[in-house]
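Residues per chain, in single letters:
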Amino acid sequence: MTSEQVLTVKVFVFSGTSSYSTTILTGSFSTEGTTTVSESSSAASVSTPISTQTTGASSPLLTPSGSMSPPSVSTVPSTVTTSGTTPTKPFTTTSGTTSSSFSTVTATTITTSEIVSSGSASTSGTTPVSSTVTVSGSSTYSTITTLSTLSSTASSSPNCTISPNETYAPGESWWLCDCINATCLENNTVVIVPIICEPPPKPTCSNGLAPVQVIDDNQCCWHWECDCYCTGWGDPHYLTFDGLYYSYQGNCTYVLVEEIEKTVDNFGVYIDNYHCDARDVVSCPRALIVRHETQEVRIVTVKPNTLEVEVTVNKQAVALPYKKFGLRIYESGINRVVEIPELKMNVTFNGLSFSIRMPYSLFGNNTQGQCGTCNNDMADDCRLPNGDIAENCETMADHWQVVDPSKPQCSPGLVPTKAPSTTPGQPCKESSLCELLWGSVFEKCHEVVKPDKYYAACVFDSCMLPDLDLECSSLQIYAAVCADQNVCIDWRSHTNGVCSYECPKHKEYRACGPIQETTCKSSPYNETSVKQVEGCFCPNGTMLYDSGVDVCVNTCGCVGLDMIPREFGEKFTADCQDCVCLEGGNGIVCEPHKCPEQNKRSCSGKGFYEVTEVNSEDPCCPIVTCKCNTSLCTTKPPKCTLGFEVQSYIPSDECCPVYQCVPKNVCVHQNAEFLPNSSVFVDKCHDCFCTNEVNISTQLNVISCEHIPCNTYCEPGYERKQVEGECCGKCVQTKCIIHTSHGSSLILNPGEFTNDPYNNCTIYSCTSLKNQLISSTSEITCPAFSEESCKPGTVTFLPNGCCKTCVPLDSPTPCSVRERKDFIVYKNCRSLERVVLTECEGTCGTFSLYSVEASSMEHSCSCCKEVETSMKEVELKCPSGKSITHKYVYVESCGCQDTQCVVPESSESQSTEENDESTQNHRRAISLTSK
């Protein structure tokens, strides 16, 4: 007969007032570790009711499995009732106190007695025994008893032995399953305590954001916490971790957050500000710096006041997404996000605004910097580095300067000479953009996050920097905070384009998009998250290929360096390699591109050279061809004679031209070319022109000429004579042509003279001097003559037929004084009035006659001259206004005085030369005067 010893386990089940809905677990554990649902073969059953009170909602962490009937036990039970009280440990969070206490519960302990089976003395197999406690309300807790096969001589032990490999000392606890704890009392008596959670009261976060649920360390219950959330935007404005708002316009690098008690190596977030207006009054963020252990991340604005930024790690540019040494950087909409999973924190920056989110459980009461102390209390947010609390955060902010080599003017701890102002210096009308914050556009977010602080910042920016559109940053950060609280708002379309955001052509803007886009290479990020961000996303129906490959695809395939999406199985050529897109592996598999052989032609001809060209049909396989470069040709064009020009042509399959001189179809005369039908000057005697007729021998056009007809008429006094260069001679003057005062013309031969036909006192003559004809006109000047002084009947003409003479009357003297009045002018000075002037006038019997008897001229000369004179003075007025005295001669009397009539020999000889045989018979009674 085999004896079998059965292990008895005492189980206590505690329940109390909670929101926990009853879960019924029924089963048995074999020594091999398998679980067997307990079964009963006997009709006998034991059921002990326990009074249980349940209130409130069920915990979301525990799920009831329903109600089960107690199993039957095939032994005769001995029942012992034990009652006691087991309190639970209270826990407290910064965001509220959550406690769970258990009331006294009466449990029934069912102990199975030893069973000895006849027919066997050894122990073999396992016998499942289940004790059941039924709780009123149809909730049944099943205690699980594990039976071990023990030796019949086993000694008693205070421990709880569940299996040969599992033994627990008295007071030792372990988890049976989720949220159910077992504790060994002694002697295989185990107490099973289900963790019953009571929902804690929801606290109010001072930063205005909703609290978050945080799982307890036991992974069963949860509590509320207020995350550490700090933001900054504009020029710039800050909201500390606890929601305190202030503005600060420093232009140095500052600590945003560092730990008070250092628990993380080289940890901190910093901001680099600069004066972004010409007056150096307000500042804007230029870079955000995140340090964690060995890495320093810088997110720097590319252009001021824009959403264009670039990311560097340890001063080296990196591509996103970036993941290394416990740090992750990626794009999320318009933001760049630095995430440290180990610290459950992330930092975002887009050039205009930043945000820092940190868990309270890791950083509560342990932050300092411009973001303040994270403890859900604004009172100590203006903490200085020495631990003191400043009067305001504007003063505090300047004490958080850090050493920045690029800003030598900044020194940590330097107190500004003038406290920064958080309000505009003078009132102004805020931008209409600011009114959107309180309008219907953001209305659904007002209940979640109040816009008052963002509105104040917007008004400040619109007044201080009205031309930079910094108001957009206040709207953008408010919309981002709303989205963080699961309220997404499309606001940019209401700004009339002022705050518009341009996306690349292959993407579209969305105000509400996923925090991280689903890509072909990764599963959707945090599918349970309902938070959204604004940014540029792939159009509907397409998907981002990869977080590091900015290409939208319709179907997931491959994308190579050319950024062109390919479908699986598609063959293509890229970078001169034949590639195919394969599913699995690395995707694209390539091999060198094979080029077909081509027939190379010889390039040995003159002017040819070898060149490699791109093949338009296959750019990877260049074509080697022969190119012609005429500069390589050695044959020079010839110099053609006049009337010919160089003509060139290139024979087929040749490069260099062949030259020849060809006629130009022109006439040539005296080194000049003439076009057909144009006039050609040969000489004055011929009229010539170029014809279209070609001389076969010269291959030039023929010049045709005609003699010009001559005009033989010459004007009187001219005769036609042959002249060199003249075809018909030239009319040359051979006689003098004299035009008289009466309009008539006289023609005289050289040496000839004649009287004017109308005036005998005028004589014309013609003289040839050095082959030049000189015509002269002479007038006879007659002496003064008065018929009154002549004897009657004695007036006659002199032989010249011009002058009159007579026998004068007997008179005292024919020569007398004549008076006249006139102005005296001397050296431009003039008398003021006319002055009486005297002169001698009259004839004194003067004549010159030719004596035939003497064969010479006879002369009788008597001159009418002054006999008595005197000197007189007169005052003259000069142009300068000065007056001078001038003396002049005044004739008192006149008389005839005989003189000698002397004719100079030169005059006589000249007169002799001028007279020829035809003029020797003329008589000159009076001297001739030439005009």
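Residues numbered from 1 in each chain as written. Predicted model: local features only at pLDDT ≥ 70, side-chain atom pairs only at ≥ 80, totals over all residues. Heavy atoms only, no water.

A look at the confidence of the model for the protein chain
Move 1: Residue-level pLDDT values for the protein chain average 75, and 76% of them are 70 or greater.
Move 2: Confidence drops under pLDDT 50 across residues 417–425; counting only partners more than four residues distant or on other chains, this segment forms 12 contacts. (pLDDT = per-residue confidence, 0-100. Contact = heavy atoms within 4.5 Å.)

Overview of helix α6 (residues 471–484)
Move 1: The terminal C-alpha atoms of α6, which comprises 14 residues, lie 20 Å apart, in line with the 20 Å expected from a rise of 1.5 Å per residue.
Move 2: Along α6, 13 of the 14 residues are buried, which leaves the element largely enclosed by surrounding structure.
Move 3: Just downstream of α6 lies N486, where phi reads positive at about 70°. (Helix = DSSP H or I, 4+ residues; strand = E, 2+ residues; numbered from the N terminus. Expected span 1.5 Å × (residues − 1). Buried < 20%, exposed > 50% of the residue type's maximum accessible area, 1.4 Å probe, protein only.)

Concerning the pattern of salt bridges
Move 1: Per the counting criterion, the structure on display carries 22 salt bridges.
Move 2: A salt bridge links R291 to E296; the shortest N-O distance between them is 3.0 Å.
Move 3: With a shortest N-O distance of 3.8 Å, D822 and R834 are connected by a salt bridge. Of the two residues, D822 is situated in strand β60 (residues 816–822) and R834 in the loop between β62 (829–831) and β63 (835–841); the sequence distance between them amounts to 12 residues.
Move 4: Connected through shared salt-bridge partners, R818, R820, D822, R834, E839 and E841 make up one network. (Salt bridge = Lys/Arg side-chain N within 4 Å of Asp/Glu carboxyl O.)

A word on the pairing of strand β31 (residues 353–358)
Move 1: Of all 6 residues making up β31, 6 are buried, and the element is well covered by its neighbours.
Move 2: Burial along β31 is two-sided: the residues S353, S355 and R357 and F354, I356 and M358 are all buried.
Move 3: Here 6 bridges tie strand β18 (residues 228–233) to β31, and the two strands are oriented antiparallel to one another. From the neighbouring strand, G232 faces β31, where its bridge partner is F354.
Move 4: Note: strand β30 (residues 345–349) against β31, 4 bridges, orientation antiparallel. (Pairing = 2+ DSSP bridges.)

What to know about the pairing of strand β23 (residues 283–292)
Move 1: β23 sits mainly inside the fold: 8 of its 10 residues count as buried.
Move 2: The hairpin turn running from β23 into strand β24 (residues 295–301), its antiparallel successor, is 2 residues long, and E293 in that turn takes a positive phi close to 55°.

Quick notes on the packing of aromatic side chains
Move 1: Per the counting criterion, the structure on display carries 11 aromatic pairs.
Move 2: With 6.3 Å between their ring centres and 35° between their planes, W233 and Y245 make a pair best called tilted. In this pair, W233 sits in strand β18 while Y245 sits in strand β20 (residues 245–247), placing the two residues 12 residues apart along the sequence.
Move 3: Both rings, one in Y501 and one in Y509, keep their centres 6.1 Å apart while their planes meet at 55°; by these two values the pair is tilted.
Move 4: Among the aromatic residues, ring-to-ring pairing joins W233, Y245, F442, Y454 and Y478 into one connected group.
Move 5: When the ring centre of F572 is taken as origin, the NZ or CZ atom of R566, which lies over that ring, is 3.9 Å away.
Move 6: Over the face of the ring belonging to Y890 we find K872, whose NZ or CZ atom lies 3.7 Å from the ring centre. (Phe/Tyr/Trp six-rings, centres within 6.5 Å; stacked < 30°, edge-to-face > 60°. Lys NZ or Arg CZ within 6 Å of the ring centre and 35° of its normal.)

With respect to the sheet that holds strand β39 (residues 571–574)
Move 1: On the basis of which strands lie adjacent, the open sheet formed by 3 strands has the order β39-β40-β41 and antiparallel pairing. In this open sheet, the two edge strands, each paired with only one partner strand, are β39 and β41 (588–592). For this sheet, the mean inter-axis angle between neighbouring strands, taken without regard to orientation, is 30°. (Axes fitted to C-alpha atoms, helices over the stretch in contact; angles between N-to-C directions.)

Section: unusual backbone geometry
Move 1: The omega torsion across L320 and P321 is 0°, close enough to zero to call that bond cis.
Move 2: In this structure, D653 takes a positive phi of about 65° despite not being glycine.
Move 3: As for its placement among the helices and strands, D653 is situated in the loop between β44 (644–649) and β45 (658–663).
Move 4: Residue classification places D653 among the exposed positions, given a relative accessible area of 68%.

Details of the packing of helix α5 (residues 452–464) against α6
Move 1: Interhelical geometry of α5 versus α6 gives an angle of 165° and a closest axis separation of 8 Å. The angle between the axes of α5 and α6 places the two elements in the roughly antiparallel class. Helix-helix and strand crossings are classified by hand; for α5 and α6 the assignment is right-handed. Between α5, through Y454, A457, C458, D461 and S462, and α6, the contact on the second element is made entirely by E471, S473, S474, L475, I477, Y478 and V481.
Move 2: Class assignment of the residues belonging to the contact of α5 with α6 gives a composition of 7 nonpolar, 3 polar and 2 charged. (Parallel < 35°, antiparallel > 145°, perpendicular 65-115°, else oblique. Left-handed = near helix turned anticlockwise from the far one by under 90°. Nonpolar A, V, L, I, M, F, W, Y, C, P; charged D, E, K, R; others polar.)

Side note on the environment of C445
Move 1: Within the element layout of this structure, C445 appears in helix α4 (residues 443–446).
Move 2: A sequence separation of 36 residues divides C445 from V481, and the C-alpha atoms of the two residues are 9.3 Å apart.
Move 3: Not counting residues within four places of it along the chain, the set of residues in contact with C445 comprises Y478, C482, V487 and I489.

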